[in-house]
Amino acid sequence: MIDFELTEEQKALVEMARRFAKERIIPVAAKCDQESRFPREVFDEAWKLGLVNPTLPAEYGGQGLDEVDNVLITEELAYGCTGIQTSITANTLGFTPVRLAGTEEQKKKYLGWLAKESILCSYATTEPAAGSDVAGMQCRAHKQSDGSYVLTGQKQWITNASHASFFTIFATENPELRHRGIGAFIVERDQKGLSVGKHEDKLGQRASDTASVMLEEVRVPANQVLAPPGQGFKLAMETFNQTRPDIGAGATGLIRRALDECVAYAKERKTFGVPIAQHQMVQAMLAEMAIRLEATSLLVRKAAWSLAKNIRNPLTSACAKAFGADAAMATAIDAVQIFGGNGYVKDFPVEKLMRDAKILQIYEGTAQIQRIVIAKHVLGN
Ligand SMILES: Cc1cc2nc3c(=O)[nH]c(=O)nc-3n(C[C@H](O)[C@H](O)[C@H](O)COP(=O)(O)OP(=O)(O)OC[C@H]3O[C@@H](n4cnc5c(N)ncnc54)[C@H](O)[C@@H]3O)c2cc1C
């Protein structure tokens, strides 16, 4: 049976997230964008309301919500600002490897920490010379006789790195082994040898912090090894499989925001004596936006539903991410077009949407990498 109706709990969740976006995110979004500032106070308030880490399992103090609940929240936060939404939802990317592969002790400690305190965590596979090619990472993990590892290398473009209390870091025992050499490690922020680079000055999603992480002989005790070398690559890929629908949810929120802004503007703005909403070519752009919104939302909900039902469905996850990101970018470009000259200046909200949308086609696997994942499944490779 197919049922698109939300439960009463889900309706309440959406209502709360929508109000939070309206009252706490939208009023600060433009300034945070301008100042390239992550609003920690907004994050802390979201945490208190339960809008951060919604899928944290209940046995470790979390709410134990499922992926459908998660994408509903993300969509609402993204409507307010995808930069602030990314700062909030990147915690789920950071803790998913711990949820999937952590020992009981690790889960109690790190998932419990996220439930107890308003902290951030980061996920780090990317390096200066290895982004799409995750298996090409160079960051080294040297095993010691006591079972600990020493990590040396650099991670790049790490969301929330400047604020993270702990990191899930992927490193290799030997780069020549490629995916067969990769392990995963939990590293706490104050561990000796870990430092964070400068906050990146980005095109869009400027309220989301992005920075590099340097590892200089960081000693990781055996009880912080998440996956030994050989098992980390699979964990990284499964993490992406489970978090990609959420990128699609961010896209859904952005598309919905663009459509709302454009409908309001098109009814107000007059050319040739009539509101531009009466020109069929403007209507066509609005209609395309509505098509993209419906299609992205359906894909995201199907992908999230599969995860909630424990049905492994990497094809739909990748489609939700790939289609959603492209749809958001195309919609934001059209939104600027509908606003004309006003679309090109910062006094109106849509130029930010266009800058913010671009990263959806890049992070957590580029548009091209999603096609590779999708083609692999289509071809049965
Ligand atoms: C704001 C931001 C936040 C990020 N957050 C995180 C984070 O929290 N954690 C983390 O680990 N990483 C993060 N990343 C990194 C992000 O996932 C990578 O930037 C992304 O995977 C692309 O890698 P790259 O930048 O090295 O590009 P490259 O891999 O160098 O790719 C360059 C271009 O070549 C294309 N390309 C590459 N290989 C192929 C191929 N085989 N076939 C066809 N085309 C190909 C790509 O699609 C792209 O268009 C973030 C990046 C940014 C910018």
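Residues numbered from 1 in each chain as written. Predicted model: local features only at pLDDT ≥ 70, side-chain atom pairs only at ≥ 80, totals over all residues. Heavy atoms only, no water.

1. Topic: unusual backbone geometry
Apart from glycine, the bulk of residues carry a negative phi angle, and the bulk of peptide bonds sit in the trans form. Formally: Only runs of H or I of at least four residues qualify as helices and only runs of E of at least two qualify as strands under DSSP, and these elements are numbered from the N terminus.
A positive phi angle is found at Q205, which is not glycine, with a value near 40 degrees. By the element assignment, Q205 lies in the loop between strand 6 (194–199) and strand 7 (210–220). Unusually for a residue other than glycine, F272 sits at a positive phi of about 50 degrees. Topologically, F272 is positioned in the loop between strand 9 (270–271) and strand 10 (274–275).

2. With respect to the domain arrangement of the protein chain
Frequently, the measure chosen for interface size is the accessible area removed from exposure when the parts meet. To be explicit about the condition: Segmentation of the chain into domains, including their bounds, is taken from an automatic or database domain assignment. Whether two residues touch is decided by their heavy atoms; if any such pair falls within 4.5 Å, the residues are in contact. The term buried area means the drop in 1.4 Å probe accessible area that two parts suffer when joined, counted for both and summed. What counts as a salt bridge is simple: a side-chain nitrogen of Lys or Arg found within 4 Å of a carboxyl oxygen of Asp or Glu. Think of a polar contact as two N or O atoms within 3.5 Å of one another; within protein, one of them needs to be a possible hydrogen donor and the other a possible acceptor, and neighboring residues in sequence only count if both atoms come from side chains.
Looking at the assigned domains, one finds that the protein chain contains domain 1 (8–117), domain 2 (121–230) and domain 3 (234–379). Of note, the centres of domain 2 and domain 3, computed from C-alpha atoms alone, are 30 Å apart. The partner domain 3 presents 13 residues to the twelve residues of domain 2 that form the contact. Buried area between domain 2 and domain 3, both sides added, is near 920 Å², and the carbon and sulfur share of it is 69%. It is Y123, L203 and Q205 that lose the most area in domain 2 upon contact with domain 3, and together they represent 52% of the buried surface on that side. For the pair domain 2 and domain 3, the interface holds zero salt bridges. Counting across the domain 2 and domain 3 interface gives four residue pairs in polar contact (both at pLDDT 80 or more).

3. Some words on the nonpolar core
Put simply, the rule reads: The term nonpolar core refers to a set of buried residues drawn from Ala, Val, Leu, Ile, Met, Phe, Trp, Tyr and Cys, joined through side-chain atoms within 4.5 Å. Each residue's exposure class comes from its accessible area (1.4 Å probe, protein chains only) as a fraction of the maximum for that residue type: buried when under 20%, exposed when over 50%, partly exposed otherwise.
Counting residues in each nonpolar core, the largest one holds 29 residues, and the members touching the most others are C262, L286, M289, A328, I338 and L360. Among the elements of the structure, helix 6 (232–268), helix 7 (280–308), helix 8 (314–339) and helix 9 (350–358) are those that each provide at least two residues to this core.

4. Observations concerning helix 1 (residues 8–35)
Note the threshold: The length a helix should cover is 1.5 Å for every residue beyond the first. To get the bend at a given residue, fit one axis to the seven residues ending there, fit another to the seven starting there, and take the angle between those axes.
Helix length check: helix 1, at 28 residues, gives a terminal C-alpha distance of 39 Å against a target of 40 Å (1.5 Å per residue), a fit within 8%. For helix 1, the principal kink sits at I25 and spans about 45 degrees; a proline, P27, occurs within the next four residues. When we look at burial in helix 1, the residues that qualify are Q10, L13, V14, A17, F20, A21, I25, V28, A29, C32 and D33. Those residues of helix 1 hidden inside the fold are in contact with helix 2 (40–49), helix 3 (67–80), helix 4 (82–101) and helix 9. Looking at the residues trailing helix 1, positive phi occurs at S36, about 50 degrees.

5. Topic: the packing of aromatic side chains
When we look at a pair of aromatic rings, we describe it by the centre distance and by the angle of the planes. Spelled out, the test is: Here a pair means two rings of Phe, Tyr or Trp (six-membered ring of Trp) with centres within 6.5 Å. Their orientation is stacked below 30 degrees between planes, edge-to-face above 60, and tilted elsewhere.
In the structure shown here, the tally under the stated rule is ten aromatic pairs. Taken together, a centroid distance of 5.2 Å and an interplanar angle of 55 degrees make the contact between Y123 and F170 tilted. Highlighted residues: Y123 in strand 1 (residues 120–124) and F170 in strand 4 (residues 164–172), separated in sequence by 47 residues. Exposure remark for Y123: the relative accessible area of 7% places this residue in the buried category.

6. A short note on a nonpolar patch on the surface
Heads up, the condition is: Candidates for patches are residues over 30% relative accessible area with no salt bridge; among them, like charges are joined within 9 Å and nonpolar side chains (Val, Leu, Ile, Met, Phe, Trp, Tyr) within 5 Å. Computed with the Shrake-Rupley method and a 1.4 Å probe, the accessible areas treat only the protein chains shown as cover for residues.
On the surface, a nonpolar cluster with roughly 360 Å² of combined accessible area is contributed by I2, F4 and L298. The topology assignment puts L298 in helix 7. For L298, a relative accessible area of 43% gives the class partly exposed.

7. Let's talk about the pairing of strand 3 (residues 149–159)
Operational definition: By this definition, two strands are paired if DSSP reports at least two bridges between them.
Relative to strand 3, strand 2 (residues 140–143) runs antiparallel, the two sharing four bridges. Counted as the bridge partner of R140 is T152 from strand 3. Counting the residues in the hairpin turn of strand 2 and strand 3 gives five residues, including G147, whose phi is positive at 90 degrees. Looking at chain direction, strand 3 and strand 7 are connected through eight bridges and run antiparallel. By the bridge assignment for strand 7, I158 is matched with A211.

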